[in-house]
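Spelled out from the first residue to the last, the chains are:
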Amino acid sequence: MAKNVPTSRLARGTKLGAVAASSVIRSKKTRLSMRGRSEAVRAKMAEESMIRTTEQVVMVLGTMKGVAMKLGQMMSVLDLDLVPEDHRERFQQRLAVLRNAAPTVSFDNMRTVIEQDYGRPLDEVFAEFDPEPIAAASIGQVYRATLADGRRVAVKVQYPGVDVAVRADLKNLTMFRRVLASAMPWITPAVLDELKLNMEAELDYRAEAATQSEIAHLYREHPFISVPAAVPELSTTRVLVSEFVDGIGFDEMRALPAEQRDRIGEIVYRFYVGSLFTFNEFCGDPHPGNVLLAPDGRVAFLDFGLFNRMDPKLVHFEKLCLRAAAEERSEDLRQLMIDRGVIDSPDEIGAEECLEYVLAASEWCLVDEVLTITPELASGAFLLAVDPRASEFTGMKQQNLPPEHLFSRRADFLTFGMLGQLDATNNWHSIAREWLYDEPPITELGIAHHDWLRTHPPKPVKKTRARNATTR
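Residues numbered from 1 in each chain as written. Predicted model: local features only at pLDDT ≥ 70, side-chain atom pairs only at ≥ 80, totals over all residues. Heavy atoms only, no water.

## Details of the environment of Glu233
Short version of the rule: Under the DSSP-based scheme used, a helix requires at least four consecutive residues in state H or I and a strand at least two consecutive residues in state E, with every element numbered from the N terminus.
One can find Glu233 in the loop between β5 (225–226) and β6 (239–243). Each C-alpha atom, one on Glu233 and one on Ala210, is 10.0 Å from the other, the two residues being 23 residues apart in sequence.

Right, here's the structure in full:
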């Protein structure tokens, strides 16, 4: 049984900032309250070194169209009230470069992309097509249309030339690796290779349509998860057609009563994190823009460009690490990380540091108690992650997170950020025990999910999903 881990650890930051916070706490022989940690993050943000390094990274990424759009989505989890008031306007201006990176493209230009890929006029493919976009994807726009047979569909179209821009960005990321590593030491050549592999895969909408069709089939008749079916015969490299989903967006979900937000939060957690441990695969792009609440109460999940599969052995490794961390078996955790190659300098990394490393990233789902995840808590984790002071990253630089785990940990962190925006409350660990310890569910949603699993066993994976796979 997991120990009742003090919640005061929760604002220590993600795995990227764990060593910094834990070393301070150990040296003082005391534990900071959650309020104290928020104040600590504000103090860090008040330092010029923090602001300067963040500006430098944003400046580099701000020149990159496609990659900046994706990073801008990631940065949207930040609760900027955590930034000291004297620095807030300056910091927001820098982040706006990323958040507003999506280009403004006329419908005539987007229409050209569609007709080039189809090789025929738009009105020969769709009975109706609304030229006003209903959403912006990271590398394209989404439109509403109707097929000749009356089906309502969503049509995602890539921005003209974005494929060239993204590939150029990925080359630039390699060039600017030292700049990025000054704030994010985990960016290694192997990690960049993994990023390139996944982002290049996202450019192929035909492959994404095939993946989406398989995931829609996997979650068919699910009681609370919905994945719209793709229309592969109408999907091309730059155009993806899928069934239209009616529903309210994330901002409206945030305004719902607490009970409904908690329910949505559990569904989001089960889909983005639970899928990894249940099916050895997961959507690597948790983002508020990718979920809708349907009128029937189900949550619809969209966008499968960054879909990942993992070798079951690697998933089992993550499960063992989380179990060891939940039970505070620091020595066992350290040995697991040494054996996996996460620690390449065993003499320099102690068992307690290993424990802090994992808890800083995942403690929110390892605490055996009811916990409300707040925007400040999620933001504090992220802001500690980009602390540039080398002395506080000495231990972290000894870590060697294998790139195959990069997107699973990223999905975990971004899910944490989404739950923070929902102010969702739950005993997240009691849910996680279903996949970490193979225990029976205790929540209403968990019981419904396991009932569904018994009648809808997953089928063998098809090769079409391998293009988005992480199978090293």
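## Considering the sheet that holds strand β8 (residues 291–293)
Convention followed: At least two DSSP bridges between two strands are needed for those strands to be called paired. What makes two residues a contact is simply this: any of their non-hydrogen atoms within 4.5 Å. Inter-axis angles, ranging from 0 to 180 degrees, are taken between N-to-C directions of lines fitted to C-alpha atoms, where helices are fitted over the stretch in contact.
Across the sheet, three strands lie side by side as β5-β9-β8; this open sheet has mixed pairing. Sheet topology places β5 and β8 at the edges, where each strand pairs with a single neighbour. Note: β5 against strand β9 (residues 299–301), two bridges, orientation parallel. When the bridges of β9 are listed, Ser226 appears paired with Ala300. On top of the sheet, helix α12 (residues 258–279) reaches β5, β8 and β9; it is set at about 35° to β9, its chief contact.

## Looking at the environment of Asp204
What counts here: Whenever a nitrogen or oxygen atom comes within 3.5 Å of another N or O atom, the pair is scored as a polar contact, on the condition that within protein one atom can donate a hydrogen and the other can accept it, and that pairs from neighbouring residues in sequence are kept only if both atoms are in side chains.
Mapped onto the secondary structure, Asp204 falls in the loop between α9 (189–202) and α10 (205–218). C-alpha separation for the pair Asp204 and Arg238, spaced 34 residues apart in sequence, amounts to 6.7 Å. A distance of 3.1 Å separates the side chain of Asp204 from the backbone nitrogen of Arg206, its partner in a polar contact.

## Quick look at the packing of aromatic side chains
Stated formally: Two rings from Phe, Tyr or Trp (for Trp, the six-membered ring) form a pair when their centres are within 6.5 Å of each other. A pair whose planes differ by under 30 degrees is stacked, one over 60 is edge-to-face, and the rest are tilted. Classification of residues uses two cut-offs on accessible area relative to the type maximum, computed with a 1.4 Å probe and protein chains only: under 20% is buried, over 50% is exposed, and between them is partly exposed. Note on criteria: charge over ring means Lys NZ or Arg CZ within 6 Å of the ring centre, with the direction from the centre no more than 35 degrees off the ring normal.
Following the criterion strictly, the structure yields 18 aromatic pairs and no others. When the centroid spacing of 5.8 Å and the interplanar angle of 85° are considered together, the rings of Tyr219 and Phe279 count as edge-to-face. With Tyr219 in the loop between α10 and β5 and Phe279 in helix α12, this residue pair connects regions lying 60 residues apart in the sequence. Owing to a relative accessible area of 5%, Tyr219 belongs among the buried residues under this scheme. Ring plane angle 5° and centroid distance 5.3 Å describe the contact between Trp364 and Phe416, whose orientation is recorded as stacked. Note that Trp364 is positioned in the loop between α15 (351–362) and β11 (371–372) and Phe416 in helix α17 (residues 406–422), a separation of 52 residues in sequence. Take Trp364: its relative accessible area is 2%, and that puts it in the buried class. Connected via pairs of aromatic rings, a cluster forms that spans Tyr219, Phe271, Tyr272, Phe279, Phe301 and Trp452. Geometry around Tyr437 places Arg323 over its ring, the cationic atom sitting 5.3 Å from the centre.

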